[in-house]
Amino acid sequence: MKLVIGHLYPDLLNLYGDRGNIACLTKRCQWRGIEAEVRTFELGEPIDFTKLDLVLLGGGSDREQMLVCQKLREIRKDFQEYVEKDGVVIAICGGYQLLGKYYKTDQRTIPGLELVDMYTEQGEGRLIDNIVLKSDLVEMPIVGFENHGGRTYINGNRSLGKVLYGSGNDGQTKEEGVVYRNVIGTYLHGPLLPKNPQLADYLIKKALERKYQREIILEKLDDSQEEEANTYVFQRFSGEKEK
Ligand code: GLN
């Protein structure tokens, strides 16, 4: 089996080393004997979404988001077709915001891809902290770090998880991220997938099942160190004991 992973605009959207997520996906495939090819795309390069099985859109500053949004609008139709055909996407922070209708800052309104019915507006102060979620998608809690000025409103869409510690989408609703078809958007930065291997496997499984049109049971890997780190963060911040 083989997965083709598309990394969109890593030069511009790679805040806090979001590309570490690509390394995690690749390794977890290879450890199971699944071939993983990474195709990186620069701004303006044509993208054939029909050749991709998993797409990563990383985080960026407001300035970088403004730079990429114009180009993203040009590929919007193809990207939307990919999403509506259950293409797998993981979009992080700035990339997450760009999935929606717009991201409004004090300076300007950055138009989004309109792939998911949601929007983002800058609020007072930045939401910066560790964050812990409970998600329906995976058994383990999802742990990470958030740093965003935007507040995201997901208009009744399903969230990635309930916030146990931290701010999440808007600092009010205690919801974090969005799940739409096989698209996951989240504010959790940097090593999201290495810290949350079950989420990495969720994406790999979805992508393989879509490609090969059958149920895929992924071979279990030794995640004892990742699990230990995850449990430590969970207990430190959420104040709850793992069951
Ligand atoms: N520029 C956006 C914000 O501050 C996203 C930043 C990020 O990707 N961390 O809300």
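Here, the structure is the one placed above.
**Some words on helix 5 (residues 197–212)**
And step 1. Counted at 1.5 Å a residue, the expected span for helix 5 with its 16 residues is 22 Å, and the 22 Å between its end C-alpha atoms agrees.
And step 2. Within the span of helix 5, buried status applies to Pro197, Leu199, Ala200, Asp201, Tyr202, Leu203, Ile204, Ala207, Leu208 and Glu209.
And step 3. Downstream of helix 5 by a residue or two, Gln213 has a phi angle that is positive, lying close to 55°.

**Notes on the pattern of salt bridges**
And step 1. Considering all chains together, one arrives at 15 salt bridges under this definition.
And step 2. Glu35 is the partner of Lys2 in a salt bridge, and the nearest nitrogen-oxygen pair spans 3.8 Å. Here the residue Lys2 occupies a position in strand 1 (residues 2–8), and Glu35 occupies one in strand 2 (residues 35–41), the gap between them amounting to 33 residues.
And step 3. For Glu35, a relative accessible area of 48% translates into the label partly exposed.
And step 4. The closest approach of N and O atoms between Asp86 and Arg181, which form a salt bridge, is 3.0 Å. You can see Asp86 sitting in the loop between helix 2 (62–84) and strand 4 (88–92) and its partner Arg181 sitting in the loop between strand 11 (178–180) and strand 12 (183–186), a full 95 residues away along the chain.

**Notes on the site of the ligand**
And step 1. Surrounding the ligand, one finds 16 residues, the nearest of these being Asp62, Gln65, Cys93, Arg126 and His189.
And step 2. Between Gln65 and the ligand, the recorded distance is 2.8 Å, taken from a side-chain N or O atom to a nitrogen atom.
And step 3. One of the backbone N or O atoms of Gly150 is found 2.9 Å from an oxygen atom in the ligand.
And step 4. Relative to its unbound accessible area of 300 Å², the ligand is 98% covered by the protein chains.
And step 5. Of all the secondary structure elements, the ones that give two or more residues to the shell around the ligand are helix 2, helix 3 (94–98) and strand 8 (142–153).
And step 6. Among the elements that make up the shell around the ligand, the one with the highest residue count is strand 8 (four residues).
And step 7. When the residues that make up the shell around the ligand are grouped by side-chain class, the tally is three nonpolar, 11 polar and two charged.

**Looking at the pairing of strand 4**
And step 1. In terms of burial, strand 4 is largely enclosed, as five of its five residues are buried.
And step 2. The two faces of strand 4 match: Val88, Ile90 and Ile92 on one face and Val89 and Ala91 on the other face are all buried.
And step 3. In this structure, strand 3 (residues 54–57) lies alongside strand 4, joined through four bridges in parallel fashion. Each residue of the ladder has a partner; that of Leu56, found in strand 4, is Ile90.
And step 4. Note on the crossover from strand 3 through helix 2 to strand 4: the handedness is right-handed.
And step 5. Pairing between strand 4 and strand 12: four bridges, direction parallel. Within strand 12, the residue paired with Ile90 across the bridge is Ile184.

Each value, and the rule that gives it
Residues numbered from 1 in each chain as written. Predicted model: local features only at pLDDT ≥ 70, side-chain atom pairs only at ≥ 80, totals over all residues. Heavy atoms only, no water. Helix = DSSP H or I, 4+ residues; strand = E, 2+ residues; numbered from the N terminus. Expected span 1.5 Å × (residues − 1). Buried < 20%, exposed > 50% of the residue type's maximum accessible area, 1.4 Å probe, protein only. Salt bridge = Lys/Arg side-chain N within 4 Å of Asp/Glu carboxyl O. Near = heavy atom within 4 Å. Polar contact = N/O pair within 3.5 Å; in protein donor to acceptor, adjacent residues only side chain to side chain. Areas by Shrake-Rupley, 256 points an atom, 1.4 Å probe, with all protein chains shown as cover. Nonpolar A, V, L, I, M, F, W, Y, C, P; charged D, E, K, R; others polar. Pairing = 2+ DSSP bridges. Right-handed = clockwise from strand over helix to strand, strands pointing away.

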